[in-house]
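So the chains spell out like this:
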4 protein chains.
Amino acid sequence: MVVLQLSGPAPVNLQAKFSILELAHGSRKHLTTLSSFSLPSLFISNSQQPRHPISSFPPVNESVAAIVFGDGSESRLYPLTKRRSEGAIPIGAKYRIVDAVISNCINSNINKIYALTQYNSTSLNSHLSRAYTGLGLGKDGFVEVIAAYQSLEDQGWFQGTADAIRRCLWVLEEYQVSEFLVLPGHHLYRMDYQKLVDAHRRSQADITIAALNSTRDQDPGFGTLKVNSLNEVAEFHVKSEREPMIVPSVQGVQASNDNSYRKLSSMGIYLVNRDVMTKLLNEYFPQANEFGTEVIPGAISTGMKVQAYAFDGYWEDMRSIAAFYEANMECIKGLNMGYNFYDKDAPLYTTPRYLPPTTITGAVITDSVVGDGCILNRCKIKGTVVGMRTTIGEKAIIEDSVIMGSDIYQKDYIQKSGKEGMAIPIGIGEDTHIKKAIIDKNARIGRNVMIINKDNVQESNREANGYIISGGIVVVLESAVIPDGSIL
Amino acid sequence: MVVLQLSGPAPVNLQAKFSILELAHGSRKHLTTLSSFSLPSLFISNSQQPRHPISSFPPVNESVAAIVFGDGSESRLYPLTKRRSEGAIPIGAKYRIVDAVISNCINSNINKIYALTQYNSTSLNSHLSRAYTGLGLGKDGFVEVIAAYQSLEDQGWFQGTADAIRRCLWVLEEYQVSEFLVLPGHHLYRMDYQKLVDAHRRSQADITIAALNSTRDQDPGFGTLKVNSLNEVAEFHVKSEREPMIVPSVQGVQASNDNSYRKLSSMGIYLVNRDVMTKLLNEYFPQANEFGTEVIPGAISTGMKVQAYAFDGYWEDMRSIAAFYEANMECIKGLNMGYNFYDKDAPLYTTPRYLPPTTITGAVITDSVVGDGCILNRCKIKGTVVGMRTTIGEKAIIEDSVIMGSDIYQKDYIQKSGKEGMAIPIGIGEDTHIKKAIIDKNARIGRNVMIINKDNVQESNREANGYIISGGIVVVLESAVIPDGSIL
Amino acid sequence: MVVLQLSGPAPVNLQAKFSILELAHGSRKHLTTLSSFSLPSLFISNSQQPRHPISSFPPVNESVAAIVFGDGSESRLYPLTKRRSEGAIPIGAKYRIVDAVISNCINSNINKIYALTQYNSTSLNSHLSRAYTGLGLGKDGFVEVIAAYQSLEDQGWFQGTADAIRRCLWVLEEYQVSEFLVLPGHHLYRMDYQKLVDAHRRSQADITIAALNSTRDQDPGFGTLKVNSLNEVAEFHVKSEREPMIVPSVQGVQASNDNSYRKLSSMGIYLVNRDVMTKLLNEYFPQANEFGTEVIPGAISTGMKVQAYAFDGYWEDMRSIAAFYEANMECIKGLNMGYNFYDKDAPLYTTPRYLPPTTITGAVITDSVVGDGCILNRCKIKGTVVGMRTTIGEKAIIEDSVIMGSDIYQKDYIQKSGKEGMAIPIGIGEDTHIKKAIIDKNARIGRNVMIINKDNVQESNREANGYIISGGIVVVLESAVIPDGSIL
Amino acid sequence: MVVLQLSGPAPVNLQAKFSILELAHGSRKHLTTLSSFSLPSLFISNSQQPRHPISSFPPVNESVAAIVFGDGSESRLYPLTKRRSEGAIPIGAKYRIVDAVISNCINSNINKIYALTQYNSTSLNSHLSRAYTGLGLGKDGFVEVIAAYQSLEDQGWFQGTADAIRRCLWVLEEYQVSEFLVLPGHHLYRMDYQKLVDAHRRSQADITIAALNSTRDQDPGFGTLKVNSLNEVAEFHVKSEREPMIVPSVQGVQASNDNSYRKLSSMGIYLVNRDVMTKLLNEYFPQANEFGTEVIPGAISTGMKVQAYAFDGYWEDMRSIAAFYEANMECIKGLNMGYNFYDKDAPLYTTPRYLPPTTITGAVITDSVVGDGCILNRCKIKGTVVGMRTTIGEKAIIEDSVIMGSDIYQKDYIQKSGKEGMAIPIGIGEDTHIKKAIIDKNARIGRNVMIINKDNVQESNREANGYIISGGIVVVLESAVIPDGSIL
């Protein structure tokens, strides 16, 4: 299976159709598309200059299109990805992971958003079309899903991110944008892409890569950059084994003296000039499948101007169940640190819903967030993300967990249990105790259940029983049924 | 001021342009508009009849238009109506009162909805246009606000409900509906209007009035009906003093023998055939201002066929602050009784919002409902409706109250208090105790405040101090500031 | 390549997992899902029966979901399908073919519409999401595109219509509908599906097939039905060679006496009960790929109750370029015959656009339709469909043709030709003569061009020159450039 | 009747609560609201300054709110305003007049738009809510109609534009904008308001007035400005009799030497800083009713910094039927001059509609524009705006006219005329000749009618006969019936 993720230690393949040397000849021939925006006038510094020069860069909502990859790896967040792409996994009581990136775009005034998908794309398509079509995306704004498709010319699936962009270029070029912003859709962070675009345009780069400023434990598949004091990328490494990060002090030496370079970790975010994109995919590397591991190193090797844009904020790449769990715990920390789900100036968008307020007949709740439409019956909740429409029974205790909630109300519960005796309704039963677990959507947890990882297992696949354990965290599957009295 | 409410003990004015006797001659000449729907075929009972006759009534979404009056009395719910019409008052943590009636229409497949307003109409207009334009109202569906307007012919305000409908008839007749459904917009109940329409059409009535089956403490301005065993309305009384309700046993006596009649209380809901509406307003009673107290009695007096449609469910007419308070308390009772805010098959619609989930650093909550985006800090909440975006400080205690919440977050609280020292943020301060109160939107309740009606006052106007007391309930005004340490 | 079309002479494959005999035992065991709708009460015929029985069938908008296949055959309408699925081909000056079926659904009150696609799906997805998300589809209404996707369980493309439905059943069953309506998305006809649903429910069928009443020249891949006087389907044939149609007189003989049967042509439209669908795809024929040629015959063979619903109106299956051309010519006949693009009660929906009115500096126009935003300069137009944004130059003559129009205005024409001399703008140049041709979107036809099929060729592939000839009709490709003075 | 127009020679009323002298003391105390945007930093000119200073002005979509007055004078465009406000009059085959101004806002990235109305507001409200709620207005964007309303404090109608803004300030201040842009809603022009905002902010003005650069025949009620070489407004005159325009040469003299000033004509467009607005309406001139004639001169008299912004493009204020007629004729001139209805970069928005393309069985059309969904039957059309859904009968001749079209199709024409003999359908009958006329919506023009103003009347009120003549132009009223054979 080919997965549309912007990472992964794929083998680098640099069979450029052009001789690299030949390209290097015209070294640093910048394929800028911005020449028409009369950049030079900005540099004029004589008395004729207006006192308040206005940027002659066009506004990003007219000049940048985002390409979001909805799929991450299908396996590392399994079983949450059993029926979904990574971007469609519920997070933070009412969102989906992809909402973070789409909201970043909207809050950065980028309103031409293409989402390319093929793995378990249905959930993502459905979410994106419901969440973002009613939303005012402004003039000519849209979130358009492009699912992998067959055509007369090509009947296969997308073979990777570069292949996907290449095959969709005829759609992506619908609007006369000057840059494409390539984005992984399954990361959690808040960035104003306008600043990235600005830095890119000022440095007159061909490509700008957003990168983590510090030594982070990031997906090695995205690679590491070696940059000089002007943030120009000199080298780009993709390695399966991480080499130790060395961040040398910047000493102002201009040449390739190693001391003058520092290393950054790529975030898999690339801003690419429109004609550079076309040249790279169709002329220079027409066989390249992956953007991060093949096209970007190739671009550097041909002497293009590749810049780094350093980012310092919170960033989580959901590389494991444990990382996803931690990202949810960010909600609880709330206003203080990490990812802030509350930012009024850069709100997180998602599907608008017509849910009633949460009804609490009795609950002692600490350090938790609670979504809409829950029904909490005399329970205790601590350090937990309680997703929308969650029903929790009497005397249940939930600690340090992620409850994703439910898509529907099981209103006919009483009726049903009358009929079928032991039917377990959606939600969490009475007297049940859950600790450090992830309960996927629509799960039916019975009464007197203990989900506490009693044997302190680190990894275990008990899918037949409705759960797995990953990194010590119990994950109950979507729609799983955990019978009364079970102890996990 | 003329208020567009469908009630009120206005003097009955029956100066029909036609002699009543003259009209009575053609007694019970039913001005039915349904003749084109070939009703008679339904009554044929010979062997030719198809075995599964399908109703030849047209579906209500193509044949009924609703006329909703957004204004109630401006004074009885004061101060909640200071800047709003009754329909725009927040209720149930995230709704507005008018949502109940509009949602009834939508859930009854009535999707042509005109809302007529003039008193404090801005809040209502704004709410309706934001809440119901994004919503799928189906083919040719809309919620259209018709605010009072000046024209060359008439430069005054609407002089009452009948006057309002009369002046807007040219708009209301835009679609070829067969009946108009006249609805007060400030009542709380759940009714399937399709059943009302069905009963109306089967009885071939000119007008059908929805009425409370039992002896309720309803607004006397709506009047009482005397109906026979066929639910035909024989008399319609509007009295300021309520006469005792007598519900006689139905004895099959056809004549005006009092025993064969029973009394019902009008709900102010009228289903009126299209051409009957035109005749009543333009020909028979062109001077009538009020629909309930003038036009309806007039219609009966002219011998039109007026039917009653008995309704048994929960119904609240918000006739006082106390009644509004009780309606909110219905939310808490939740699934068990009264008005159910949770009905999946007949959901309550309102403005979709992009609020984060509620964050609870610590709370003991019993018998309460909590809206989206609240921030609850180690407080106790009992028997309370907590509206969206409510912030509650540490050690606060809220009991038996309605907190309407806030339109915005006061994110810069710390910064501000640093600047201004004593500034009180929106929300409820630390160590504050609130009991049996209504806190309107955006109020700023300081620290160590006691809102407990300590002297057990029943009525008091302390508007200058930011509150009034009505029926023993303290009502803190919208955006009011209650200083630290206040005792109310 | 596997194409999601509901037709095609695919080999019939009836390897039911269950013995057909075994199934026949419980012969005609109707798997009705409607038992909960208390059908029996409709048949009661005693004095207790209400005089106006209302159908107890639930309304279709709550009980039927449509499954539309956007792809037809990729090849028979080539080159119109070069970059599009059949459903996305422009027709009638401003529509796409799929609009006919989607509008049928909306006008039949079916508002849960799933569109399954995989071949050139991008154009269709884009059209559907832009056209039908702003449209009021009513409560719980949607047009949701499900593109072929990879999952852990299945990494291949949809292998046919049955395979596609099977793999998407988990999505399709999201709402508690009682029937699925399976629809080819590339046919042109106007049908009230509610009548089909009604007939289906009254006959208590498991499956109902819409069929052409007369002997039409329809796609043989849909098969022919042999039905008795009760419209029960006794046989279902799929043949590549059509056998002569015999429509015997109905003689009331109940048994398999051949005289009592007549033959109908399937339209590829199937109404299938929900649980019948599940059983057929997952239990009885889990290997079947095609719905029409495998699952339907299989259902009949197992003794299910399969009914025919005869349809008499205009219907066009676009089986060739010539048929597509004729369908466009229906627009011109306008109000009189064939397919009526104007029906006020059953309008044709499509993407709403903000185009200016058509500007005509001079034109003699006969028997034509003209879309929005055209610019017609002193030309002659006869018997032609002029699509939106078409520009026609001076003294051009267009006869009996289909001009699809353009997606954009080429506003900078003068500027460009000044710069580049010979650049040909989008549209049709001066002095050009076009007769019996189809000009696809954004084509650039130069000056003094003759597109008249001067040699009266029937079939010819001149794709390198920007056109093909099919059935004697010249088809100029999308974005093709036909130089000044060309003669085709 | 009080009309909400931003013009009219109302008596100037300058009873400022403050002594003008007193105010003058703190002369030119600029009440700028932009201090928070750190303007000063723009002026810093040392080496620390970044080489590419980005404007620190906030984007207009976050910082400017538009206040559009939908009403013009009710009488000057009578009878087109009989049932409509000026803004709601159809223009250009498919638009309403107000669309020009609203589209200007949207194309200028101003997406917070309040429309204040009271005269015949229904048509405008309905149009605005249908046209602009589906449209993507971007984050926090809206077109909100505020109709005149009664409140406890004020039960009268709006007494003028200043009164209307004053009473709605509590709504208008909902968002933290820095400037209000006050706009008449019934003018036809295309302006990028961003440039106006930019000029305003750079000059650090309190108020900026858009004004016509040349000596135009504009509404005298808007007044004339006397400006110096820095575009500062020194005087503002409102006169009923126009004084001759003198445009002196600018001689650099700073003082009030008349030679250094020039005169401009106000367009009634005012950009006002938020706190300036509040101070003017509530503190300085709390009794002023009109903005243009009272508040603006008052502001100048108090020494505020009032700038002029000169505008050179096409502008039409619809001051008469003749002017409205000419504005329509601009459509025909099309791409060449005047107002361009086609501008791709600044499109004109309006209600999206699902109309079929126009069907032409035969027509000779010159220099005309034709809307959607017309049916043109063997007629001649010259120099005419043919509005949507217009039906024109055989052998009719239409010249130099404005046909507004129809809201509905009269599909049952034949049926009806069969029944009623002489019924005249909506549209223009056979053999009818129309020249230099305006045919309002839904008019029914019979056969063999001559609307040619045969006696060359200039002014005539024949409303009883369905038309008036104004400026030599025959105006047939909305829904008027002109019998067969009439000669007008």
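Chain A goes by Nucleotidyl transferase domain-containing protein in an unreviewed UniProt entry, where it is assigned to Salix udensis. You can read under Subunit (unreviewed entry) in the UniProt record for chain A the words "Heterotetramer." Turning to chain A, the UniProt annotation filed under Sequence similarities (unreviewed entry) states: "Belongs to the bacterial/plant glucose-1-phosphate adenylyltransferase family."

(A) Spatial organisation of the overall build of chain A. A count of helices and strands for chain A gives ten helices and 29 strands. When each of the 488 residues of chain A is scored for burial, the buried share is 61%. In chain A, the proportion of contacts linking residues at least 24 apart, taken out of those at least 6 apart, comes to 67%. Accessible surface for chain A amounts to roughly 17500 Å². Of this, 50% is attributable to carbon and sulfur atoms.

(B) Focus on the packing of aromatic side chains. Within this structure, the stated rule accounts for 31 aromatic pairs over all chains. For the pair Tyr114(D) and Phe142(D), a centre-to-centre distance of 5.1 Å together with 70 degrees between the ring planes defines the contact as edge-to-face. Of this pair, Tyr114(D) sits in strand β4 (residues 112-117) while Phe142(D) sits in strand β5 (residues 142-147); the two residues are 28 residues apart in sequence, bridging distant segments of the chain. Both residues of the pair, Tyr114(D) and Phe142(D), belong to the buried class. Their ring planes at 65 degrees and their centres at 6.4 Å tell us that Tyr189(D) and Tyr193(D) sit as a pair that is edge-to-face. In terms of burial, Tyr189(D) and Tyr193(D) fall into one category: buried. Pairwise contacts between aromatic rings join Tyr114(A), Phe142(A) and Tyr175(A) into one cluster.

(C) View of the interface of chain D and chain C. Between chain D and chain C, the contact holds 40 residues from the first and 40 residues from the second. Carbon and sulfur atoms supply 56% of the area buried between chain D and chain C, which totals about 3300 Å² over both sides. When the buried surface of chain D facing chain C is broken down by residue, Tyr342(D), Tyr354(D) and Pro357(D) rank first, second and third, together holding 24% of it. At the boundary of chain D with chain C, the tally comes to two salt bridges. Where chain D touches chain C, the interface holds twelve residue pairs in polar contact (both at pLDDT 80 or more). Looking at the side of chain D that touches chain C, the element that brings in the most residues is strand β14 (residues 358-370) of chain D, giving 13 residues. Examined bridge by bridge, strand β14 (residues 358-370) of chain C and β14(D) share eleven bridges and lie antiparallel to one another. Directly across from Val364(C), in β14(D), lies its bridge partner Val364(D).

(D) Fine view of the side chain of Asn328(C). All names here are of chain C. Relative to the helices and strands, Asn328 is located in helix α10 (residues 321-333). Asn328 gets classed as buried once you look at its relative accessible area, which sits at 0%. Residues in contact with Asn328, not counting those within four places in the same chain, are Ile91, Gly92, Val385 and Val402.

(E) Geometry of the packing of helix α6 (residues 161-172) of chain D against helix α9 (residues 291-301) of chain D. All names here are of chain D. Interhelical geometry of α6 versus α9 gives an angle of 75 degrees and a closest axis separation of 8 Å. Taken as axis vectors, α6 and α9 run roughly perpendicular relative to one another. Facing Thr161, Ala162 and Ile165 of α6, the residues of α9 in contact are Phe291, Gly292 and Val295. Along the lines of polarity and charge, the residues of the contact of α6 with α9 split into four nonpolar, two polar and no charged.

(F) Region of interest: the state of the cysteines. Residues and elements named next belong to chain C. Taken as a whole, this structure holds zero disulfides over all chains when the rule is applied. We note that Cys105 lacks a disulfide partner, and the nearest cysteine sulfur, in Cys168, lies 17 Å from it. Judged by relative accessible area, which is 0%, Cys105 ranks as buried.

(G) Examining unusual backbone geometry more closely. The omega torsion of the bond from Tyr78(B) to Pro79(B) falls at 10 degrees, within 30 degrees of zero and hence cis. Topologically, Pro79(B) is positioned in the loop between β1 (64-69) and β2 (90-91). Located in the positive-phi region is Asn456(A), a residue other than glycine, with phi close to 55 degrees. Note on placement: Asn456(A) falls in the loop between β25 (450-451) and β26 (460-462). Of note in this structure, Lys395(D) is not a glycine but carries a positive phi near 60 degrees. For Lys395(D), the location among the structural elements is in the loop between β18 (391-392) and β19 (397-399).

(H) Main features of the environment of Lys305(C). All names here are of chain C. Along the polypeptide, Lys305 turns up in the loop between α9 (291-301) and β12 (306-311). You can call Lys305 buried: its relative accessible area is 9%. A distance of 3.3 Å separates polar atoms of two side chains, one belonging to Lys305 and the other to Gln307.

(I) Just the pattern of salt bridges, in detail. Residue and element names in this part refer to chain A. Taken as a whole, this structure holds 72 salt bridges over all chains when the rule is applied. Here Asp400 ties to Lys382 by a salt bridge, and the two come within 3.1 Å at their closest N and O atoms. Of this pair, Asp400 sits in the loop between β19 (397-399) and β20 (402-403) while Lys382 sits in strand β16 (residues 379-382), and the two are 18 residues apart along the sequence. Overlapping salt bridges bring together Arg84, Asp440 and Glu478 as one network.

(J) View of the environment of Ala464(A). Among the secondary structure elements, Ala464(A) is positioned in the loop between β26 and β27 (467-470). Ala464(A) sits in the exposed class, given a relative accessible area of 82%.

(K) How the structure looks around the pairing of strand β5 (residues 142-147) of chain B. In terms of residue burial, β5(B) counts as a mostly covered element, since six of its six residues are buried. Residues Phe142(B), Glu144(B) and Ile146(B) of β5(B) are buried on one face, and the alternating residues Val143(B), Val145(B) and Ala147(B), pointing to the opposite face, are buried as well.

(L) Region of interest: the relation of the copies chain D and chain C. When chain D is fitted onto chain C, the two copies agree to an RMSD of 0.1 Å after a turn of 180 degrees and an axial shift of 0.0 Å. Those values place the two copies in the arrangement expected of a two-fold rotation axis. No C-alpha of chain D lies nearer the rotation axis than that of Val364(D), which sits 2.3 Å from it.

(M) Quick look at the confidence of the model for chain A. Residues and elements named next belong to chain A. Mean pLDDT for chain A: 80, with 77% of residues reaching 70 or above. In the model, residues 8-55 has pLDDT below 50 throughout and makes 83 contacts with residues more than four positions away in sequence or in other chains. The ipTM, which scores confidence in the relative placement of chains, is 0.82 for this predicted complex, and the corresponding pTM is 0.83.

(N) Broad picture of the environment of Thr359(B). Here Thr359(B) shows up in strand β14 (residues 358-370). Looking at Thr359(B), the relative accessible area reads 6%, which means it is buried. As a C-alpha pair, Thr359(B) and Ile375(B) span 16 residues in sequence and 4.9 Å in three-dimensional space. Among all residues touching Thr359(B), those that are not within four sequence positions of it are Tyr342(A), Ser368(A), Val369(A), Cys374(B), Ile375(B) and Leu376(B).

(O) Spatial organisation of the pairing of strand β4 (residues 112-117) of chain B. Residues and elements named next belong to chain B. Of all six residues in β4, six are buried; the element is thus mostly enclosed. Judged by which residues are buried, β4 turns out to be covered on both faces: Lys112, Tyr114 and Leu116 on one side and Ile113, Ala115 and Thr117 on the other are all buried. As paired elements, β4 and β5 share six bridges and run parallel to each other. In the sheet register, Ile113 faces β5, and the bridge partner there is Val143.

(P) How the structure looks around helix α6 (residues 193-202) of chain A. Residue and element names in this part refer to chain A. The set of residues buried in α6 consists of Tyr193, Leu196, Val197, His200 and Arg201. The arc enclosing the buried residues of α6, seen along the axis, measures out at 130 degrees, which places them on a common side. Capping of α6 at its N-terminal end is provided by Asp192; its side-chain oxygen lies 2.9 Å from the backbone amide nitrogen of Gln194. Where α6 terminates, the next one or two residues include Gln204, which has phi positive at roughly 50 degrees.

(Q) Geometry of the side chain of Thr384(C). All names here are of chain C. You can see Thr384 is positioned in the loop between β16 (379-382) and β17 (385-386). In terms of polar contacts, Thr384 uses its side chain to reach the backbone carbonyl oxygen of Lys382, at 2.9 Å. Looking at Thr384, its side chain comes within polar contact range of the main-chain nitrogen of Asp400, at 3.3 Å.

(R) Fine view of the packing of helix α4 (residues 97-107) of chain C against helix α5 (residues 121-132) of chain C. Residues and elements named next belong to chain C. Two elements in contact, α4 and α5, have axes separated by 12 Å at closest approach and are oriented at 40 degrees. In terms of orientation, α4 lies oblique with respect to α5. In this structure, the crossing between α4 and α5 has a hand that is right-handed. Of the residues in α5, those in contact with Val98, Asp99, Ile102, Ser103 and Ile106 of α4 are Leu124, His127, Leu128 and Tyr132. Taken together, the residues of the contact of α4 with α5 break down into six nonpolar, two polar and one charged.

The rules behind each value
- Sequence order sets the numbering: in each chain, residues are counted from 1 along the sequence as written.
- Here the convention is simple: chains get letters from A, ligands get numbers from 1, in the order in which they are written.
- In view of the model being predicted, local features appear only for residues whose pLDDT reaches at least 70, and side-chain atom pairs are presented and counted only at 80 or more, with totals across whole chains, interfaces and linings using the full set of residues.
- Calculation of side-chain values draws on the structure's entire complement of heavy atoms; hydrogens and water are dropped beforehand.
- UniProt positions are given in the numbering used here, feature names are shortened, and annotations may be inferred rather than shown by experiment.
- Only runs of H or I of at least four residues qualify as helices and only runs of E of at least two qualify as strands under DSSP, and these elements are numbered from the N terminus.
- Exposure categories follow from relative accessible area, calculated using a 1.4 Å probe and restricted to protein chains: below 20% of the type maximum is buried, above 50% is exposed, and the middle band is partly exposed.
- Any two residues whose heavy atoms approach within 4.5 Å are treated as being in contact.
- Computed with a 1.4 Å probe, the accessible areas rest on the Shrake-Rupley method; for each residue, only the protein chains presented here act as cover.
- Two rings from Phe, Tyr or Trp (for Trp, the six-membered ring) form a pair when their centres are within 6.5 Å of each other. A pair whose planes differ by under 30 degrees is stacked, one over 60 is edge-to-face, and the rest are tilted.
- We define buried area as the total accessible area lost by two parts upon association, computed with a 1.4 Å probe and summed across both.
- By definition here, a salt bridge exists when the distance from a side-chain nitrogen of Lys or Arg to a carboxyl oxygen of Asp or Glu is within 4 Å.
- N or O atoms within 3.5 Å of each other form a polar contact, as long as, within protein, one can give a hydrogen and the other can take it, and as long as residues adjacent in sequence are counted only when both atoms are side-chain atoms.
- Here, any two strands with at least 2 DSSP bridges between them count as paired.
- The convention used is that axes are lines fitted to C-alpha atoms, helices contributing only their stretch in contact, and that angles between N-to-C directions extend from 0 to 180 degrees.
- Reported orientations rely on four angle classes, namely roughly parallel under 35 degrees, roughly antiparallel over 145, roughly perpendicular from 65 to 115, and oblique for the rest.
- Ten residue types, Ala, Val, Leu, Ile, Met, Phe, Trp, Tyr, Cys and Pro, are classed as nonpolar, four, Asp, Glu, Lys and Arg, as charged, and the remainder, Gly among them, as polar.
- Note on terminology: disulfide denotes any pair of cysteine sulfur atoms within 2.5 Å.
- The fit set for superposing copies consists of C-alpha atoms from residues with pLDDT of at least 70 in both; the fit itself is least squares.
- pLDDT expresses, on a scale from 0 to 100, how confident the predictor is about each individual residue.
- Arc, as used here, means the arc of the directions from the helix axis to the C-beta atoms.
- Throughout, a crossing is termed right-handed when the near helix is turned clockwise from the far one, and left-handed when it is turned anticlockwise from it by less than a right angle.

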